[in-house]
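# Chains, contacts and geometry: an overview
One-letter residues, chain by chain:
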Amino acid sequence: MAVPIVRTVTDLRRTVAGWRAENLSVGLVPTMGALHEGHLSLVRAGLARTDRVIVTLFVNPKQFNNPADLAAYPSTEDDDAAKLATAGAHLLYAPDAQEIYPEGFSTTVSVAGASEGMEGRFRPGHFEGVATVVAKLFLQSGAGLAFFGEKDFQQLQVVRRMARDLDIPIEVVACPTIRETDGLAMSSRNVRLSQAERTLAPRLAAVLFEAAKKLAAGAEAGPLLAASRDALGRAGFGEVEYIELRSEASLAPLARALEPARLLAAVWLGQVRLIDNVAVPASLAAGRPGS
Ligand code: AMP
């Protein structure tokens, strides 16, 4: 069965009000479309936890700091709707920019702390765009749960902080990164990789997993991550914007993984910017008496 599509806040609210009247719980999966298995895993997580799953499809101009990236962003709504129907989503909310940012729109949601550094440093204004649109989607839908991928780990923390700070009654659920069989994290931008770049791309995840293993064994981040940067350059990647060890809970920079941590990176491959991150379990050194 086709997935019903709504394009206005009014129609979205009407649908959700009907579900609420039947006491059905509502989950939200915000996306920018060009759906892949990563997105569909969020839909499945939604279906496991809520009675009705709304997927939003909005390529949010406010979160693109680079106009060329926005212009090149894939747009495949018919395919997306077909995939959502197969996955069992209940509603596709696909507003146009005018619906989200009508004439006179003047409000920006800005999240200090979690937005700083990494993506925030290299994509100025990106997280303001994300926090603003996600706050609107939360409030427009009135969903009780929202599903986000760990693929965008910093975004997940920004969204969590925003919902908490603005008292939006929604639980933000983190879902694991879905990878291709060769390890490359799925991304809508991967279709823009040439064949040669696509062959090289999984090396990023491999370098992160190797470094994460050493960090979990107690290695010091500074020299290890400098070596990882060099390894990526030698392999044929372009600029490594960042490769950083951060606390999983607070995103504070760490010199060693003495608490559960995350290793996060952004690198260029041709015209495509890849981001990825992996978990780093707390190193045993943390629990050793006298360490
Ligand atoms: P996007 O369409 O890229 O804005 O992503 C929409 C949602 O899908 C975000 O919560 C992403 O973190 C999530 N997502 C994107 N790629 C993946 C992936 N490979 N695995 C899991 N979640 C993903």
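Our structure's up above, just so we're on the same page.
The structure reproduced in this document is the subject of the present report. Model, not experiment: these values are computed from the prediction.

A few words now on the side chain of Ser228. Inspection of the secondary structure assignment puts Ser228 in helix 11 (residues 221-235). Every residue in contact with Ser228, bar those within four places of it in the chain, is listed here: Val207, Ala211 and Ile243.

Moving on: the sheet that holds strand 3 (residues 52-57). Pairing is parallel in the open sheet, where 6 strands are placed in the order 1-4-3-2-5-6. One side of each edge strand has no neighbouring strand; the edge strands of this open sheet are strand 1 (5-6) and strand 6 (171-175). One ladder, built from 6 bridges, connects strand 2 (residues 26-31) with strand 3; its direction is parallel. Within the sheet, the bridge partner assigned to Thr31 lies in strand 3 and is Leu57. Those strands touched by helix 2 (residues 37-49) are strand 2, strand 3, strand 5 (145-149) and strand 6, and its axis lies near 150° from that of strand 5. Sheet contacts for helix 4 (residues 77-87): strand 1, strand 3 and strand 4 (91-93); angle to strand 3, the most-contacted strand, approximately 165°.

A positive phi angle, near 50°, is found at Ala34, a position not held by glycine. Relative to the helices and strands, Ala34 resides in the loop between strand 2 and helix 2. On the basis of relative accessibility, which here comes to 12%, the residue Ala34 falls in the buried class. Its identity is not glycine, yet Leu251 carries a phi of approximately 65°, on the positive side. Among the structural elements, Leu251 can be located in the loop between strand 7 (240-247) and strand 8 (261-269). By relative accessible area, Leu251 is classed as buried at 5%.

In this section: the side chain of His36. Locating His36 in the fold gives a position in the loop between strand 2 and helix 2. In this structure the side chain of His36 is engaged in a polar contact, spanning 2.9 Å, whose partner is the backbone nitrogen of Gly38.

What follows concerns the site of the ligand. The local shell around the ligand holds 17 residues, among which His39, Gly149, Asp152, Ile178 and Met186 are the closest. Backbone polar atom of Met32 to an oxygen atom of the ligand: 2.9 Å apart, as the coordinates give it. Asp152 has a polar side-chain atom sitting 2.7 Å from an oxygen atom of the ligand. Of all the elements in the fold, those that place two or more residues in the shell around the ligand are strand 2, helix 2 and strand 5. Broken down by element, the residue count for the shell around the ligand peaks at 3 residues, all from helix 2.

Moving on, we come to the pattern of salt bridges. Taken as a whole, this structure holds 17 salt bridges when the rule is applied. Among the ionic pairs, Arg14 bridges to Asp11, the shortest N-O distance being 2.9 Å. Residue Arg14 and its partner Asp11 are located together in helix 1 (residues 9-21), separated by 3 residues, close to a single helical turn. The exposure class assigned to Arg14 is exposed, which follows from its relative accessible area of 55%.

Turning next to the sheet that holds strand 8. Judged by pairing direction, the sheet is antiparallel, and its 3 strands sit side by side in the order 7-8-9 without closing on themselves. Two strands lie at the open edges of the sheet, namely strand 7 and strand 9 (272-280), each paired on one side alone. On average, each strand axis in the sheet is tilted by 10° relative to the strand beside it, whichever way the strands run. One ladder, built from 7 bridges, connects strand 7 with strand 8; its direction is antiparallel. Each bridged residue has a counterpart across the sheet, and for Arg246 the counterpart in strand 8 is Arg262.

What counts, and at which threshold
Residues numbered from 1 in each chain as written. Predicted model: local features only at pLDDT ≥ 70, side-chain atom pairs only at ≥ 80, totals over all residues. Heavy atoms only, no water. Helix = DSSP H or I, 4+ residues; strand = E, 2+ residues; numbered from the N terminus. Contact = heavy atoms within 4.5 Å. Pairing = 2+ DSSP bridges. Axes fitted to C-alpha atoms, helices over the stretch in contact; angles between N-to-C directions. Buried < 20%, exposed > 50% of the residue type's maximum accessible area, 1.4 Å probe, protein only. Polar contact = N/O pair within 3.5 Å; in protein donor to acceptor, adjacent residues only side chain to side chain. Near = heavy atom within 4 Å. Salt bridge = Lys/Arg side-chain N within 4 Å of Asp/Glu carboxyl O.

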